[in-house]
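Here are the chains, one letter per residue:
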Amino acid sequence: MTVFNFVFKRYFKRPSSIFFLLILPIALVFLPMGEWPPIPLGFQYYGILLLFISVKLTSIIMIDRENKVLLRIGVAPITHFQYLLENLLAYGIILIGLNMIVVIMGSIVYRESFNYYLLLFIIYSFFSMTALGFSLAWYSLFQNKDTATSILSGVIMLMAMVGGVLWPIQIMPVILQRLAMLLPTYWLGQSITFLAFRAPISEQIIPLTMMLIFSILFLIVGSRRKII
Amino acid sequence: MLIAHISNGVKRYGTHLSLDNVDLDIYQGEILGLLGPNGAGKTTLIHSLVGLLKIDSGVIEVFGKDQKKNLLEIKKQIGLVTQEVSIFWDLTARENLEFFGGIYGLRGEVLKQRVDEVLEIVGLSEYARKLPTKFSGGMQRRLNIACALVHKPKFLILDEPTVGIDPQSRSYILETIKKLNSEGTTVLYTTHYIEEVQSIASRVAIMDQGHIIARGTIDELVRKIQYEEKINLEVIDPTKDLISKIEKIHGVKQVVGKENIIQIISSVESGNLDRILNIARESGGVKSVNTEKPSLEDVFLTLTGRKLRDGGEDSYDS
């Protein structure tokens, strides 16, 4: 589990990690209540933050590829699959830990039922996997980290807007509403909306399944890129 | 005993044949210098040997085992020093070594001890807690080598490990490789610096355009192209009689006198140097003598029709 252990060592060495993993999420929790859906804005926007944090996390793989460290790892008695798995496991644990902190903080600030926060935690955890898969797939398309990240922020914001995370999807043209279903952020938005309106848990099955499918598809695309 | 063996190795990139029916044996305990210009196929050969690339056809055996079937097992005993410095820039020298030792299965006290040993070998003990971004180019190269040594490989492959560094670091690295070899590590050393190969290799393979075009010890390779040697003789009294006597020696092909210097072209290994010196001593005495033999560079030039560093981007400055 050397790769797994060193992810923590490397990620928490970066000063920006403190900002992304502590200051930003905590600040989000204190955002006011939204009008539509009726849920604290922080809970609504947290999905976007998850995408940005995933991008920061998976950039470690991109940096290793750029620095040719992957070449050296490729010569070691460790498979490419094992390397990816250990990385993704570490990233997943970091994100799930963060989700837990945000949900617990939220439960202190906004007093809702235990089930409400449990479901919120599950939604975030599903979307964390999707976000990690998306970042991995995105980086696999590029040779160079700077090129990959230069337009990534724009892509994430576009996904958030079209997916209905920033505003109700109903205000958009019908064609865009349909196209939005091809984005993982749409299913996150749906899930959060169902939670806000206290829909039955069974309503969550489709959006959570879609997030899972997106995770698997992204991970397949992202893991196809080999060492050299 | 064979450490690695590749036969009929073929690797294509589209229409370009990067390895063209390569045959190569690497024996236990030797330093094999793999010499060739940029684009000769050296790195492709190395990457194929360590399993980073799959050859299109041919057989690779390492430690007597089929590489395809036993890749993970083989990898445990191979160390690769990459052409570019491939280390974690956000980890200290010690952490880098701990990582690479860790992925080879070293743990706890064994790992710590091995990291200390390797830092000592490459002369970076004092800088163990520093980030490589603070290192000089030579120190970074040494850390790059250390990362390949931490698991104590039986077979060390170095892919142009001294490109772009200062003479002192280059010399340190070459001495380190010699020391490792004397302790039992088999080394495959690729470079396009002939001087390095002459300094450390016990055997040389010359590669060009995907082929191994020659192999053997440096003397064997030189002998392949060596038919004549040039003897420069500085004498006290360069008389016509002396020149005439030298010309009559069997195997002497040409004698040219210019002031006190007599240049003689003679068949190689004819024993003529002794004869010439005896005659010169009897005719007044010898001030100095030197012979010019073909170098490895001449071997390369003869075999490929071009210089090793034609179009090369850097120079050997030691």
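Residues numbered from 1 in each chain as written. Chains lettered and ligands numbered in written order. Predicted model: local features only at pLDDT ≥ 70, side-chain atom pairs only at ≥ 80, totals over all residues. Heavy atoms only, no water.

Draft legend 1. View of the overall build of chain A. Secondary structure summary: chain A contains 11 helices and zero strands in total. In terms of overall size, chain A behaves like a compact globule, its C-alpha atoms giving a radius of gyration of 18 Å where 228 residues would be expected to give roughly 17 Å. Dimensions along the principal axes, computed over C-alpha positions, put chain A at roughly 55 × 40 × 30 Å. Buried positions account for 53% of the 228 residues belonging to chain A. (Helix = DSSP H or I, 4+ residues; strand = E, 2+ residues; numbered from the N terminus. Rg over C-alpha atoms; globule rule 2.2 N^0.38 Å. Buried < 20%, exposed > 50% of the residue type's maximum accessible area, 1.4 Å probe, protein only.)

Draft legend 2. The side chain of Gln140(B), seen in detail. With respect to the helices, strands and loops of the structure, Gln140(B) is situated in helix α5 (residues 137–149). Among all residues touching Gln140(B), those that are not within four sequence positions of it are Val85(B), Trp89(B), Pro132(B), Thr133(B) and Phe135(B). (Contact = heavy atoms within 4.5 Å.)

Draft legend 3. Spotlight on the pairing of strand β13 (residues 261–267) of chain B. All names here are of chain B. Burial analysis of β13 places five of its seven residues in the buried class, the great majority of the element. Examined bridge by bridge, strand β11 (residues 228–235) and β13 share seven bridges and lie antiparallel to one another. Bridging from a neighbouring strand, lysine 230 pairs with isoleucine 265 of β13. Bridging between strand β12 (residues 252–258) and β13 involves six bridges; their strand directions are antiparallel. Across the sheet, valine 252 pairs through a bridge with serine 266, a residue of β13. The hairpin turn running from β12 into β13, its antiparallel successor, is two residues long, and glutamate 259 in that turn takes a positive phi close to 55 degrees. (Pairing = 2+ DSSP bridges.)

Draft legend 4. Broad picture of the domain arrangement of chain B. One can read the domain layout of chain B as domain 1 (2–223) and domain 2 (228–293). Each of domain 1 of chain B and domain 2 of chain B was reduced to a C-alpha centroid, and the two centroids are 46 Å apart. (Domains from an automatic or database assignment.)

Draft legend 5. Seen up close, the interface of chain B and chain A. The interface of chain B with chain A comprises 31 residues on the first partner and 22 residues on the second. Summed over both partners, the interface of chain B with chain A comes to about 2,400 Å²; 65% of that surface belongs to carbon and sulfur atoms. Area buried by chain B at its contact with chain A is led by Leu52(B), Phe99(B) and Ile103(B), which between them contribute 23% of it. There are two salt bridges connecting chain B and chain A. Close ionic contact of Arg10(A) with Asp90(B) constitutes a salt bridge, the shortest N to O distance being 3.2 Å. Taken together, the connections running from chain B to chain A amount to eight residue pairs in polar contact (both at pLDDT 80 or more). Elements with a contribution of two residues or more to the side of chain B that touches chain A: α2 (71–75), β6 (78–81), α3 (93–103) and α5 of chain B. The element contributing the most residues to the side of chain B that touches chain A is α3(B), with six residues. Residues of the side of chain B that touches chain A, tallied by class, amount to 18 nonpolar, six polar and seven charged. (Buried area = accessible area lost by both parts, 1.4 Å probe. Salt bridge = Lys/Arg side-chain N within 4 Å of Asp/Glu carboxyl O. Polar contact = N/O pair within 3.5 Å; in protein donor to acceptor, adjacent residues only side chain to side chain. Nonpolar A, V, L, I, M, F, W, Y, C, P; charged D, E, K, R; others polar.)

Draft legend 6. The sheet that holds strand β5 (residues 65–66) of chain B, seen in detail. Residues and elements named next belong to chain B. Reading across from one edge, β2-β1-β4-β5 is the order of the four strands in this open sheet, with antiparallel pairing throughout. On the outer flanks of this sheet lie β2 (16–27) and β5, each paired with one strand and no other. Two strands pair when backbone bridges link them, and strand β1 (residues 2–13) and strand β4 (residues 57–62) are joined in this way by five bridges, in the antiparallel orientation. Bridge pairing in β4 links valine 10 to serine 57. Those strands touched by helix α1 (residues 42–49) are β1, β2 and β4, and its axis lies near 60 degrees from that of β2. (Axes fitted to C-alpha atoms, helices over the stretch in contact; angles between N-to-C directions.)

Draft legend 7. Looking closely at the pattern of salt bridges. Residue and element names in this part refer to chain A. Summed over the entire model, instances satisfying the criterion amount to 13 salt bridges over all chains. Salt-bridge contacts for arginine 10 lead to aspartate 64; the nearest nitrogen and oxygen are separated by 2.9 Å. Linking arginine 10 in helix α1 (residues 2–11) with aspartate 64 in helix α3 (residues 41–66), this pair joins segments that are 54 residues apart in sequence. In this structure arginine 10 comes out as buried when scored by relative accessible area, which is 5%.

Draft legend 8. Region of interest: the packing of aromatic side chains. Summed over all chains, the structure comprises 18 aromatic pairs over all chains. Where Phe6(A) meets Phe99(B), the ring centres are 5.2 Å apart and the plane angle is 90 degrees; that geometry is what we call edge-to-face. Residue Phe6(A) is located in helix α1, and its partner Phe99(B) is located in helix α3; the two belong to separate chains. In terms of burial, Phe6(A) and Phe99(B) fall into one category: buried. Three or more aromatic residues joined by ring pairs make a cluster, and in this case those are Phe134(A), Trp138(A), Phe142(A), Phe214(A) and Phe218(A). Over the ring of Tyr13(B) we find Lys11(B), and its NZ or CZ is 5.5 Å from the ring centre. (Phe/Tyr/Trp six-rings, centres within 6.5 Å; stacked < 30°, edge-to-face > 60°. Lys NZ or Arg CZ within 6 Å of the ring centre and 35° of its normal.)

Draft legend 9. The arrangement of the sheet that holds β13(B) in detail. Residues and elements named next belong to chain B. Reading across from one edge, β12-β13-β11-β14 is the order of the four strands in this open sheet, with antiparallel pairing throughout. With partners counted over all chains shown, the strands left at the sheet margins are β12 and β14 (286–292), one partner each. Each adjacent strand pair in this sheet contributes to an overall mean axis angle of 15 degrees, direction not counted.

Draft legend 10. Summary view of the nonpolar core. Ranked by size, the top nonpolar core spans 156 residues in total, and within it Ile73(A) and Phe155(B) carry the most contacts. If one sorts the elements of this core by residue count, helix α6 (residues 114–140) of chain A sits on top with 15 residues. With 15 residues, the next largest nonpolar core counts Val235(B), Ile246(B), Val252(B) and Ile264(B) among its residues. (Core = buried A, V, L, I, M, F, W, Y, C linked by side-chain atoms within 4.5 Å.)

Draft legend 11. Structural detail: the packing of helix α5 (residues 80–109) of chain A against α6(A). Residues and elements named next belong to chain A. It is at 9 Å that the axes of α5 and α6 come closest, and there the two elements cross at 145 degrees. Every pair of crossing elements has a handedness; the one defined by α5 and α6 is right-handed. Seen from α5, the contacting residues are Leu84, Leu88, Tyr91, Gly92, Leu95, Ile96, Asn99, Met100, Val103, Gly106 and Ser107; seen from α6, they are Tyr117, Leu120, Phe121, Tyr124, Ser125, Ser128, Met129, Leu132 and Leu136. Grouping the amino acids of the contact of α5 with α6 by side-chain chemistry returns 14 nonpolar, six polar and no charged. (Left-handed = near helix turned anticlockwise from the far one by under 90°.)

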